There are 2 protein chains.
Amino acid sequence: MIRYIGVDWGTSSFRLWAIGNEGQLLGERKGGQGMSTLTPAEYGPVLEAHLAALGVGPEVPVLICGMAGARTGWHEARYLDLPLPLGDLAGAAIRVPGVARDIRILPGVARRDAERPDVMRGEETMLLGAALRCGVEGTICMPGTHSKWAQVTQGVLTRFETAMTGEAFALLSRQSTLSGFVGTEFDEGAFAAGVRAALAQPETVLRQLFHLRAGPLLELIEAADVGARLSGLLIGQEIAGAPVGEEAVTLIASGLLADRYTRALEIAGCTVRRLDADEAVRAGLAAAAAALWPTCIESVS
Amino acid sequence: MIRYIGVDWGTSSFRLWAIGNEGQLLGERKGGQGMSTLTPAEYGPVLEAHLAALGVGPEVPVLICGMAGARTGWHEARYLDLPLPLGDLAGAAIRVPGVARDIRILPGVARRDAERPDVMRGEETMLLGAALRCGVEGTICMPGTHSKWAQVTQGVLTRFETAMTGEAFALLSRQSTLSGFVGTEFDEGAFAAGVRAALAQPETVLRQLFHLRAGPLLELIEAADVGARLSGLLIGQEIAGAPVGEEAVTLIASGLLADRYTRALEIAGCTVRRLDADEAVRAGLAAAAAALWPTCIESVS
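Residues numbered from 1 in each chain as written. Chains lettered and ligands numbered in written order. Predicted model: local features only at pLDDT ≥ 70, side-chain atom pairs only at ≥ 80, totals over all residues. Heavy atoms only, no water.

**A closer look at the sheet that holds strand β8 (residues 103-105) of chain B**
Line of reasoning, step 1. Taken in spatial order, the six strands make up an open sheet running β3-β2-β1-β4-β8-β7 (chain B), and their pairing is mixed. In the strand order of this sheet, the two ends are held by β3 (25-31) and β7 (94-95) of chain B, each with one partner. (Pairing = 2+ DSSP bridges. Helix = DSSP H or I, 4+ residues; strand = E, 2+ residues; numbered from the N terminus.)

Written out as structure tokens, the structure reads:
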């Protein structure tokens, strides 16, 4: 029996999980319609279509995290401020008005600092899951288009910063003078070389980028290596600017991205604990759902 | 009487100067056809059309610098290596084959270093003019899509590096999540703030970029200031990675770019000597033409 629906609604896609009494996964849906393509009026119908496909009744509540709560999303769930006890997120969820179903959207978090303003939306749910369900503390890295670095102490998010790494990689690999050299190959040695170069001289990233153009022109760098080097350079740059020394970092990521960041963090001298990103989001949604709808019987799994 | 034609043939445009016996400017042409749009077979006709428009006879020689000498240009003028006595450039010019007119293309310069490969093509001519005609020595900055930093000692180019600043600015201001905030406004204070932020923490550029997105979202930064801040951030990053301390820098640049780099270099504590980029190119072409065609009578102007 489905007790609640959890949704991670992003910029260009969403994922939906139907969760049962014991916290077990009873159904799953994915879609390509995210904030960048939906008008506010379209979110409801898109959601209901997926719920109908899973046979979900109208009494089942839905909890959403991510960009659906942005000002340009479905219904704005305004940012909470720092420091943030992660357990407060559930109570701050906004109920979507004008629909029969109980649909809540979790808020994002902002650092309202004029010198170093920052925002996150969606990652706070991963942090909630990691901290309250997986015992994670300390420095946490969540790579992506806009990578997040967070500090969590005793369940409280005390600080975070965002690095535009993924977006910079997309721009440089597809739309720059380096693009002609970037293909599908990925050499681990080239990646590591890029990481080390960035860690050694992080203040020279704009120059290191041009080496990736001059190198192939002069046949001193394999063109096939440029993509991997670029990836290593930018990830290394992100780590160089991060508040880590030789300490333990919890990496919340999946797939290839998890592998690359693990490798880069280890090159930087960090000990890496890995937590799957999907698991973290689902754990966060579960923790918030348990607080919002306590009659949902859940075992700690 | 026209003694030679000088041409700076770039990626997306070219400029042509008709020079007389006393080194005076007798005619000028500009065009939008650069290396990125021309096939090798088209360069000759494009050039001759402009020369015909100026009434230039077939006996007048032409000296070209810039991307026309690239492998994907008109006719490859292979890179020279470091250290390079700038006076050697003229003798290394390649004559374009298969045309009646005496047309020469100056070579670019390469740093064939597997760790830090680098190339320039066109800037070497500005350096030639600056060093041999304008008495410039020491650290030279030539901003642009791919900004160049060079060291010249007693007429010898000893080292140089390229920073992808202009290209990064174009990508981020037009095709990134910051683009929606970048308009035509340019606030000097916002520019200076960007420069200072980059100089203070150059290893955190990927984070500082995201502040320009979070700031307007949180209404802590004026959206109208984002373009200027972005410009300051990237130029500041370029300077932070440059081999300068509080010393004199010769800035070879024109227009707005010259103003911005002058301001940024001064914020960084440098003393700036300005040299107009067009003047430097023309001086370099003049120096090389005097060496190639010594029967061209030129006074030192």
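**Remarks on helix α1 (residues 40-54) of chain B**
All names here are of chain B.
Line of reasoning, step 1. Within α1 the residues assigned to the buried category are Tyr-43, Gly-44, Val-46, Leu-47, His-50 and Leu-51.
Line of reasoning, step 2. Contacts made by the buried residues of α1 are with β1 (2-9), β2 (14-20), β3, β4 (62-66) and β8.
Line of reasoning, step 3. Positioned one or two residues after α1, Gly-55 has a phi angle of 70°, which is positive. (Buried < 20%, exposed > 50% of the residue type's maximum accessible area, 1.4 Å probe, protein only. Contact = heavy atoms within 4.5 Å.)

**Section: unusual backbone geometry**
Line of reasoning, step 1. The linkage connecting Leu82(A) with the following residue, Pro83(A), adopts the cis geometry, with an omega of -10°.
Line of reasoning, step 2. Locating Pro83(A) in the fold gives a position in the loop between β5 (80-81) and β6 (84-85).
Line of reasoning, step 3. One non-glycine residue, Gln154(B), lies in positive phi territory at about 50°.
Line of reasoning, step 4. Looking at where Gln154(B) falls in the secondary structure, it is placed in the loop between β12 (147-153) and β13 (156-163).
Line of reasoning, step 5. Overall, the relative accessible area of 72% leaves Gln154(B) in the exposed class.

**Topic: the interface of chain B and chain A**
Line of reasoning, step 1. The interface of chain B with chain A comprises 53 residues on the first partner and 53 residues on the second.
Line of reasoning, step 2. A per-residue breakdown of the area chain B buries against chain A is headed by Leu206(B), Arg207(B) and Phe210(B), which together make up 19% of the total.
Line of reasoning, step 3. Across the contact surface, chain B and chain A share two salt bridges.
Line of reasoning, step 4. Among the ionic pairs, Arg207(A) bridges to Glu161(B), the shortest N-O distance being 2.4 Å.
Line of reasoning, step 5. Between the two partners, chain B and chain A, sit 14 residue pairs in polar contact (both at pLDDT 80 or more).
Line of reasoning, step 6. For the side of chain B that touches chain A, the elements supplying multiple residues, two or more each, are β9 (109-111), β10 (118-120), β12, β13, α3 (165-175), α5 (205-217) and α6 (226-240) of chain B.
Line of reasoning, step 7. Here the side of chain B that touches chain A takes 10 residues from α5(B), the largest share from any one element.
Line of reasoning, step 8. Considering only residue class, the side of chain B that touches chain A consists of 26 nonpolar, 12 polar and 15 charged. (Buried area = accessible area lost by both parts, 1.4 Å probe. Salt bridge = Lys/Arg side-chain N within 4 Å of Asp/Glu carboxyl O. Polar contact = N/O pair within 3.5 Å; in protein donor to acceptor, adjacent residues only side chain to side chain. Nonpolar A, V, L, I, M, F, W, Y, C, P; charged D, E, K, R; others polar.)

**Side note on the packing of α6(B) against helix α7 (residues 255-267) of chain B**
All names here are of chain B.
Line of reasoning, step 1. Between α6 and α7, the least distance of the axes is 10 Å, while the angle of their chain directions is 60°. When the axes of α6 and α7 are compared, the pair comes out oblique. Two packed elements cross with a definite hand, and for α6 against α7 that hand is right-handed. On the side of α6, the interface is formed by Ser-231, Ile-235, Glu-238 and Ile-239, while α7 contributes Arg-260, Tyr-261, Ala-264 and Leu-265.
Line of reasoning, step 2. Of the residues in the contact of α6 with α7, the class split is five nonpolar, one polar and two charged. (Axes fitted to C-alpha atoms, helices over the stretch in contact; angles between N-to-C directions. Parallel < 35°, antiparallel > 145°, perpendicular 65-115°, else oblique. Left-handed = near helix turned anticlockwise from the far one by under 90°.)

**Looking at the side chain of Arg101(A)**
Line of reasoning, step 1. Among the structural elements, Arg101(A) can be located in the loop between β7 (94-95) and β8 (103-105).
Line of reasoning, step 2. A distance of 2.8 Å separates a polar atom in the side chain of Arg101(A) from a polar atom in the side chain of Glu48(A).

**A look at the sheet that holds strand β13 (residues 156-163) of chain A**
Line of reasoning, step 1. The six strands are arranged β6-β13-β12-β11-β14-β15 (chain A) in an open sheet whose pairing can be described as mixed. Each having just a single partner strand, β6 and β15 (271-275) of chain A make up the two edges of the open sheet.
Line of reasoning, step 2. With two bridges joining them, β6(A) and β13(A) adopt antiparallel strand pairing. In the strand pairing of β13(A), Pro85(A) is matched with Val156(A).
Line of reasoning, step 3. Strands in contact with α5(B) are β12 (147-153) and β13 of chain A; relative to β13(A), the strand with the most contacts, it is inclined by about 100°.

**Quick notes on the packing of helix α4 (residues 188-200) of chain A against helix α6 (residues 226-240) of chain A**
Residue and element names in this part refer to chain A.
Line of reasoning, step 1. It is the contact of α4 with α6, at a shortest axis distance of 7 Å, that shows an interaxial angle of 35°. In this structure, α4 meets α6 at a crossing whose hand is right-handed. Residues Ala-190, Phe-191, Ala-193, Gly-194, Val-195, Ala-197, Ala-198 and Leu-199 of α4 form the contact with α6, whose participating residues are Ala-228, Arg-229, Ser-231, Gly-232, Leu-233, Ile-235, Gly-236, Gln-237, Ile-239 and Ala-240.
Line of reasoning, step 2. Its residues assigned to classes, the contact of α4 with α6 shows 12 nonpolar, five polar and one charged.

**Let's talk about the environment of Ala114(A)**
Line of reasoning, step 1. Among the secondary structure elements, Ala114(A) is positioned in the loop between β9 (109-111) and β10 (118-120).
Line of reasoning, step 2. C-alpha separation for the pair Ala114(A) and Pro243(A), spaced 129 residues apart in sequence, amounts to 20 Å.

**A closer look at the pattern of salt bridges**
When their charged atoms lie close together, side chains carrying opposite charge are able to pair.
Residues and elements named next belong to chain B.
Line of reasoning, step 1. A full pass over the atoms with the stated rule returns 26 salt bridges over all chains.
Line of reasoning, step 2. Residue Glu-48 pairs with Arg-101 through a salt bridge whose shortest N-O separation is 2.9 Å. Separated by 53 residues along the polypeptide, Glu-48 in helix α1 and Arg-101 in the loop between β7 and β8 bring together distant segments of the chain.
Line of reasoning, step 3. According to the relative accessible area criterion, Glu-48 is partly exposed, its value standing at 33%.
Line of reasoning, step 4. Residues Arg-95 and Asp-102 are paired through a salt bridge, measuring 3.8 Å at the closest nitrogen-oxygen approach.
Line of reasoning, step 5. The partly exposed category is assigned to Arg-95, whose relative accessible area is 40%.

**What to know about the packing of aromatic side chains**
Line of reasoning, step 1. Applying the stated rule across the entire model yields 10 aromatic pairs over all chains.
Line of reasoning, step 2. Measuring from centroid to centroid gives 6.3 Å for Trp9(B) and Trp74(B), while their planes differ by 70°, and the two rings are edge-to-face. Within this pair, whereas Trp9(B) is found in strand β1, its partner Trp74(B) is found in the loop between β4 and β5 (80-81), the two being separated by 65 residues in sequence.
Line of reasoning, step 3. What makes Trp9(B) buried here is its relative accessible area of 1%.
Line of reasoning, step 4. Judged by its relative accessible area of 12%, Trp74(B) is buried.
Line of reasoning, step 5. Between Tyr43(B) and Trp74(B), the ring centres sit 5.6 Å apart and the planes meet at 10°, which makes this aromatic pair stacked. With a gap of 31 residues between them, Tyr43(B) in helix α1 and Trp74(B) in the loop between β4 and β5 connect regions that are remote in the sequence. Both residues of the pair, Tyr43(B) and Trp74(B), count as buried.
Line of reasoning, step 6. Chaining the aromatic ring pairs together yields one cluster made of Trp9(A), Phe14(A), Tyr43(A) and Trp74(A). (Phe/Tyr/Trp six-rings, centres within 6.5 Å; stacked < 30°, edge-to-face > 60°.)

**Here we look at the pairing of strand β14 (residues 248-252) of chain B**
Residues and elements named next belong to chain B.
Line of reasoning, step 1. Within β14, four of the five residues are buried, leaving the element largely enclosed by the surrounding structure.
Line of reasoning, step 2. Both strand β11 (residues 138-142) and β14 contribute to a ladder of three bridges, which runs parallel. In the strand pairing of β14, Cys-141 is matched with Leu-251.
Line of reasoning, step 3. Sheet topology places β14 next to strand β15 (residues 271-275); five bridges connect them, and they run parallel. What sits directly across from Ala-248, in β15, is Thr-271.

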